[in-house]
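So you can see what is in the structure, the chains are spelled out below.
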Amino acid sequence: MRKKLLLLLMSIFLVGMLAACGGSTTGGGNSSSGSDSGSDSGDSDTIKIGLNFELSGPVASYGSSDAEGAEFAIEEINANGGILGKKIEVIKQDNKSETQEAVAIATRLTSQDKVLAIIGSATSGNTIAQVQIANDTKTLLLTPSGTAPNVTENEDGSINEYVFRTSYIDPFQGTVAANFALDELGVKTAAIYNDNASDYAKGLADAFRETFEAGGGTIVAEESYVAGDTDFRSTLTNIKSANPEFIFIPGYYEEVGLIVKQARELDITVPLMGADGWDSPKIVELAGAENLNNTFITNHYSSQDPDSKIQDFVKNFEEKYGKSPDSFNALGYDTVYFLADAIERAGNTDPEAIKKALEETENLELVTGTITIDEKHNPVKSATILEYKDGEQTFRTKVDP
């Protein structure tokens, strides 16, 4: 009897175990299926877009402004019914101005969050770091302000299929600056002072040199510095001794602000000029408002431009944020509308169809200009030249490509 009872108990135990295992497997399967179904359902109701920006770290001024502009555009689009009847779902991440973090975020956004597109980063280096991931996963990658040519085009001439931008490229800025110096300021000699570790600065310097010399100008001095330097007096003294009529300083505001301050302290009074890397309110703190007089930058737009589309944007932005939008705000804003326009024309959320629509973009009116996308996924559009007057950016002129 004891043996029979033991066998009965063992049978009941085994049956219970098998039932439990079967229930676990079925429940797990149903749970996974339910999760996938929920994700698909969510995807059908929303369009997921990731923001991968420098919200902290050395270039947070750029990334924060890009992200702010992008979010402003998304709010507007959602308030007006979304895209194809779907609201945009935003997943915003801070890459801390670090390339490795930008890669990690891009990996999460594509593999876990399954975003349709990534907007960002603000800088060329942090954007380039994501290119392979975008191409491999067929995820659209749009940078508002990554201006290095190799963001979209590789050294062998091949194009990164899924990568686009709304900013013009560095060579265009360098060319515009050189022509402005020659034609508008009437100078014949110039010096170049750039960050020799920055692809951004080197690209601008090369384009400036080539255009300036082709236009009959002479480069009388070239000096360089490295990001993080704080004392520029020695090299500025070398430049001063060459007696240039103009100094081109492609670089970022952290160093440029100190360069401008120290140049004026050395009694270098000639015009100084840079590009969009100067565009940060912090440059006024670093350089001093008065020292920035007689300095110029190429930029993507001006809030003082009388164009009605620009003034409507400025008015609405100021009402929400209580400040005038800078060029990075405008670029972030335009990038969202650039993508939204392509999705609408594609008529669906298939990445291939949207990529094709992005490539076919022609005469799209945005805040930073009317753009047509060329064969290298770069926008053909005008550039704006700004002049600093007592620390304030003032609209000088607009230059067509």
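This structure is a prediction, so every number in the text was calculated from the model and none was measured. The written sequence of each chain sets the order in which its residues are numbered from 1. In keeping with the predicted nature of the model, local features appear solely for residues at pLDDT of at least 70, side-chain atom pairs appear and are counted solely at 80 or more, and the whole-chain, interface and lining totals rest on all residues. Side-chain figures throughout are based on the complete set of non-hydrogen atoms in the structure, without hydrogens or water.

Chemist: With reference to specific residues and values, describe the nonpolar core.
Modeler: Judged by nonpolar contacts, the single largest core of 68 residues is most densely connected at Y193, I247, W278, F313 and F338. Residue contacts for F313: discarding those within four places in its chain leaves F72, Y301, P325, N329, A330, Y333 and V367. In plain words, nonpolar cores are sets of buried Ala, Val, Leu, Ile, Met, Phe, Trp, Tyr and Cys residues tied together by side-chain atoms within 4.5 Å. Only protein chains enter the accessibility calculation, which uses a 1.4 Å probe. A residue is then buried if its area is under 20% of the maximum for its type, exposed if over 50%, and partly exposed in between. What makes two residues a contact is simply this: any of their non-hydrogen atoms within 4.5 Å.

Chemist: Tell me what's going on with the confidence of the model for the protein, and back it up with residues and numbers.
Modeler: Each residue carries a pLDDT score, the predictor's own confidence in it, on a scale running from 0 to 100. Per-chain confidence: the protein averages 89 in pLDDT, with 89% of residues scoring 70 or above. Across residues 1-43, confidence stays below pLDDT 50; counting only partners more than four residues off in sequence or on other chains, it has two contacts.

Chemist: If you had to explain the sheet that holds strand β15 (residues 392-399) to someone new, which residues and values would you point to?
Modeler: Strand pairing follows a simple DSSP-based rule, namely that at least 2 bridges must link the two strands. Only runs of H or I of at least four residues qualify as helices and only runs of E of at least two qualify as strands under DSSP, and these elements are numbered from the N terminus. Read across the open sheet, the seven strands follow the order β7-β6-β8-β9-β10-β14-β15; overall the sheet is mixed. Edge positions in the open sheet fall to β7 (218-225) and β15, since each of these has one partner strand only. Two strands pair when backbone bridges link them, and strand β6 (residues 189-195) and β7 are joined in this way by seven bridges, in the parallel orientation. Each residue of the ladder has a partner; that of A190, found in β7, is I219.

Chemist: Quick rundown of the pattern of salt bridges? Include the residues and the values.
Modeler: Take a side-chain nitrogen of Lys or Arg and a carboxyl oxygen of Asp or Glu: if they are within 4 Å of each other, that pair is a salt bridge. One pass over the structure, following the stated rule, counts 18 salt bridges. Its salt-bridge partner being R233, residue D231 comes within 3.2 Å of it at the nearest N-O pair. With relative accessibility at 37%, the residue R233 sits in the partly exposed group. K355 is paired through a salt bridge with E352; the nearest N and O atoms lie 4.0 Å apart.

Chemist: Tell me what's going on with the pairing of strand β4 (residues 140-143), and back it up with residues and numbers.
Modeler: Both faces of β4 are covered, namely the face carrying L140 and L142 and the face carrying L141 and T143. Bridge count between strand β3 (residues 117-119) and β4: three bridges; the pairing is parallel. Across the sheet, I118 pairs through a bridge with L141, a residue of β4. Across three bridges, the pairing between β4 and strand β5 (residues 163-165) is parallel. Across the sheet, residue T143 finds its bridge partner in β5, namely R165.

Chemist: Describe the packing of helix α12 (residues 327-346) against helix α13 (residues 351-359), listing the residues and the values that go with them.
Modeler: All axes are obtained by fitting lines to C-alpha atoms, using only the stretch in contact for helices, and the reported angles, taken between N-to-C directions, cover 0 to 180 degrees. In the contact formed by α12 and α13, the axes pass within 8 Å of each other and the chain directions differ by 115°. Considering how the two elements wind past one another, α12 and α13 form a crossing that is right-handed. Two secondary-structure elements touch here, α12 through F338, L339, A342, I343, R345 and A346 and α13 through A353, I354, A357 and L358. A class-by-class count of the residues in the contact of α12 with α13 yields nine nonpolar, no polar and one charged. The hand of a helix crossing depends on one turn: near helix anticlockwise from the far one by less than a right angle means left-handed, and clockwise means right-handed. All residues other than Ala, Val, Leu, Ile, Met, Phe, Trp, Tyr, Cys, Pro, Asp, Glu, Lys and Arg, Gly among them, are scored as polar; the first ten of these are nonpolar and the last four charged.

Chemist: Describe in detail helix α7 (residues 199-214), supporting the description with residues and values.
Modeler: Here α7 contains 16 residues, and its C-alpha end-to-end distance of 22 Å stays within 8% of the 22 Å for a straight helix at 1.5 Å per residue. Looking at the buried positions of α7, the neighbouring elements they touch are α6 (170-184), β6, β7 and β8 (247-248). Two or three places before Y200, at the start of α7, stands the capping residue S198, its side-chain oxygen 3.3 Å from that residue's backbone nitrogen. Directly beyond the C-terminal end of α7, a positive phi value near 100° is found at G216. Expected span, for any helix, means 1.5 Å times one less than how many residues it has. Any N or O atom pair separated by 3.5 Å or less is treated as a polar contact, with the protein-specific requirement of one donor-capable and one acceptor-capable atom, and with residues adjacent in sequence counted only for side-chain atom pairs.

Chemist: An account of the packing of aromatic side chains is needed here, citing residue identities and associated values.
Modeler: Aromatic rings from Phe, Tyr and Trp, with only the six-membered ring used for Trp, were paired whenever their centres fell within 6.5 Å, and each pair was classed as stacked if the ring planes differed by under 30 degrees, edge-to-face if by over 60, and tilted otherwise. This structure, assessed with the given rule, holds 22 aromatic pairs. Seen from their ring centres, F164 and F338 are 6.5 Å apart, and the 75° between their planes marks the pair as edge-to-face. Here the residue F164 occupies a position in strand β5, and F338 occupies one in helix α12, the gap between them amounting to 174 residues. This pair shows no difference in class: F164 is buried, exactly as F338 is. Their ring planes at 85° and their centres at 6.4 Å tell us that Y193 and F232 sit as a pair that is edge-to-face. Separated by 39 residues along the polypeptide, Y193 in strand β6 and F232 in the loop between β7 and α8 (233-241) bring together distant segments of the chain. There is no split in this pair, since Y193 and F232 are both buried. Taken together, F72, Y301, F313, F317, Y321, Y333 and Y337 form an aromatic cluster joined through their ring pairs.

Chemist: Now, about the sheet that holds strand β12 (residues 369-373): what can you tell me, with residues and values included?
Modeler: One open sheet holds the three strands; their spatial order is β11-β12-β13, and the pairing between them is antiparallel. The open sheet has two free edges, formed respectively by β11 (364-366) and β13 (379-380), since each of these has just one partner strand. In the sheet, β11 pairs with β12 via three bridges, with the strands oriented antiparallel. What sits directly across from L366, in β12, is G369.

Chemist: I'd love a proper account of the packing of helix α2 (residues 60-79) against helix α11 (residues 308-321), names of residues and values included.
Modeler: In a pair of packed helices, the angle between the axes and the distance between the axes together describe the arrangement. Here α2 crosses α11 at 100°, and the two axes come no closer than 12 Å. When the interaxial angle is binned, α2 and α11 end up roughly perpendicular. Residue-level inspection shows E68, F72, E75 and E76 of α2 in contact with α11, the latter providing F313, N316, F317, K320 and Y321. For the contact of α2 with α11, the per-class residue count stands at four nonpolar, one polar and four charged. Roughly parallel means an angle under 35 degrees; roughly antiparallel means over 145; roughly perpendicular covers 65 to 115; every other angle is labelled oblique.

Chemist: Before we move on, could you go through the side chain of R264 and cite the residues and values that matter?
Modeler: Structurally, the position occupied by R264 is in helix α9 (residues 253-265). Here R264 is buried and forms no salt bridge, its nearest opposite-charge partner D267 lying at an N-O distance of 8.3 Å. A polar contact is formed between the side chain of R264 and the backbone oxygen of I268, at a distance of 2.7 Å. Positive charges come from Lys and Arg alone, negative charges from Asp and Glu alone, with His and the N- and C-terminal ends not counted.

Chemist: Mind laying out unusual backbone geometry, listing which residues take part and the relevant values?
Modeler: Along the chain, G120 connects to S121 via a cis peptide bond; the corresponding omega equals 15°. Its location among the elements puts S121 in the loop between β3 and α4 (124-128). Positive phi is not limited to glycine here, since L84 has a value of about 55°. By the secondary structure assignment, L84 is in the loop between α2 and β2 (87-94). Residue L84 is classed as partly exposed on the basis of its relative accessible area of 31%. Although it is not a glycine, N294 sits at a positive phi angle of roughly 70°. Mapping N294 onto the fold places it in the loop between α10 (282-287) and β10 (295-299). Classification of N294 as partly exposed rests on a relative accessible area of 30%.

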